[in-house]
Amino acid sequence: MHKPRTPLRALGVAAAAAVVAAGSVVALTSTAEAATTLGASAAATGRYFGTAVAANKLSDSTYVGILDREFNAVTPENEMKWDATEPNQNQFNYSSADRIVSHAQAQNMRIRGHALAWHQQQPGWAQNLSGTALRNAMLNHVTTVAAHYKGQIYAWDVVNEAFDDGGNGARRDSNLQRTGNDWIEAAFRAARAADPGAKLCYNDYNTDGQNAKSNAVYAMVQDFKSRGVPIDCVGFQSHFNAQSPVPSDYQANLQRFANLGVDVQITELDIEGSGQTQADNFGRVVKACLAVSRCTGITVWGIRDSDSWRASGTPLLFDSSGNKKAAYTSTLNALNSGGTTPPSDPPTSPSTPPSTPTDPGTGACTATISLNQWNGGFVATVRVSAGSSALSGWSVSTTLPSGAAVTNSWSSQSSGSSGTVRFANVSYNGSVAAGGSTEFGFQGTGTGPSSATCSAS
Ligand code: G3I
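Residues numbered from 1 in each chain as written. Predicted model: local features only at pLDDT ≥ 70, side-chain atom pairs only at ≥ 80, totals over all residues. Heavy atoms only, no water.

Let us now look at the site of the ligand. Taken together, 14 residues surround the ligand, and among them Glu77, Lys81, His114, Glu161 and Glu268 come closest. Take Glu77: an N or O atom from its side chain is 2.4 Å from an oxygen atom of the ligand. Here an oxygen atom of the ligand and a side-chain polar atom of Gln120 are 3.0 Å apart. Compared with its free state, where it exposes 790 Å², the ligand has 45% of that area covered by protein. Grouping the amino acids of the shell around the ligand by side-chain chemistry returns three nonpolar, seven polar and four charged. (Near = heavy atom within 4 Å. Polar contact = N/O pair within 3.5 Å; in protein donor to acceptor, adjacent residues only side chain to side chain. Areas by Shrake-Rupley, 256 points an atom, 1.4 Å probe, with all protein chains shown as cover. Nonpolar A, V, L, I, M, F, W, Y, C, P; charged D, E, K, R; others polar.)

Rendered as structure tokens:
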């Protein structure tokens, strides 16, 4: 079990009450009340303070001592990525990730899952796929990994770094992008179906201030919210150095995303530098998060400078011997200066998009199945296409071969799991324009079906 949310929130409410009772918004800075660790201090405003963790460092007692003392959330640095969790197609390996998960659970820490779909750190077999085969493999990966950790992950980075850096606001070219522009929403829908309790995040870098790239992410989130694509949070990696300093509009940028109705999280914070300049920058970032009520937590990308992917830039809060740096003190002071409190029960994105006052009428439809079959299991992606009239609802029936069973479906409501199985539209994909189409999918054991019939409703 990850750290229960209620105690964190209760603590936040208690702290807020203390502020009101004292009649001062700076009551939390008093030495008597100030928390002395990063996690406890973040918890006082209902937030978490986490770090990236590498499984192979869990035997280092200095590392683990700091981890357990200071942090109340973890993100596996590499262990939940596609190459680590599915080294061969449909052979899943959770051994390194599970070591981090077990450690976090024993310490009541929240777990951020990172990352289900990304153009980097793909296993070789996935790098060699394209088109429908890659799309289905990606959906199978998202579904299987999210289902494995169902109920244990606070937030998943469902899709990581899908936008281009070129200033054109375009999607990054990648094998995943070449499977079709809807790959991101397909990944989010599959993740929601597999673990409905996890917050689902889009995560990226160079989106920390307002710029062409963050504007493009903003437009995507706005579009997802309007169409009922499940998205709950946006992660801002926040890797800073002299070439990429903390932007002056950092807080305003977090706030504009929060205003779309998603949580925002600082997911991979590190700031190259040293001394008071570095300390001041950490303080600014922390204060920006605390000023935005839907900024629910901060994760630094490693514990000691020597643990960093950018070790030579000494970008973290502890030096290579594990001593607290000035950046640590500034971070703790900023956390202890108090701030807004996240909503006690942040709404997840609606399953029903705003209703559209159209009269789509009814008409005939067809269903075509793309099947990714392997020995013992399958993922089926079904395209529902409207004829010359629009659809206001649809259902698809298919008969599974003997011995086969549906174990999971997304973007549809299924009835039955063997023999003849029926899939009906869900609220956001029942309306299909004349000549248009929509997709849903399902996963199962045994041999998948190759055809299906569609009826309009
Ligand atoms: O584990 C192998 C080891 O066996 C081998 O000897 C060694 C030789 O190069 O490589 C080791 O794997 C490295 C792995 O980190 C573990 O240390 C990989 O080469 C290396 O590429 C990998 O780098 C990771 C990087 O993502 C990959 O893109 C970093 O640790 C990790 O901090 C970094 O994290 C990313 C986030 O996921 C996404 N945002 C950016 C961030 C920083 O790049």
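Along the chain, Lys213 turns up in helix 9 (residues 212-227). With sequence-adjacent residues up to four places away left out, Lys213 is seen in contact with Phe163, Asp164, Asp165, Asp204, Tyr205, Asn206 and Thr207. (Helix = DSSP H or I, 4+ residues; strand = E, 2+ residues; numbered from the N terminus. Contact = heavy atoms within 4.5 Å.)

We now examine the side chain of His239. Tracing the backbone shows His239 in strand 7 (residues 239-240). For His239, a relative accessible area of 11% translates into the label buried. A polar contact of 2.7 Å, which involves the side chain of His239, links it to the side chain of Glu268. There is a polar contact of 2.7 Å between the side chain of His239 and the side chain of Asp270. (Buried < 20%, exposed > 50% of the residue type's maximum accessible area, 1.4 Å probe, protein only.)

Our focus in this paragraph is the state of the cysteines. Taken as a whole and judged by the stated rule, the model has three disulfides. Across the disulfide, Cys365 is cross-linked to Cys454 (sulfur-sulfur distance 2.0 Å). Disulfide Cys365 to Cys454: torsion about the S-S bond roughly -100°, handedness left-handed. A residue pair is termed long-range when its members are at least 10 positions apart, and Cys365 in strand 10 (residues 365-374) and Cys454 in strand 17 (residues 453-456) qualify at 89 residues. On the basis of relative accessibility, which here comes to 15%, the residue Cys454 falls in the buried class. Look at the protein chain and number its bonded cysteines as they come in the sequence; the links are 1-2, 3-4, 5-6. (Disulfide = S-S within 2.5 Å.)

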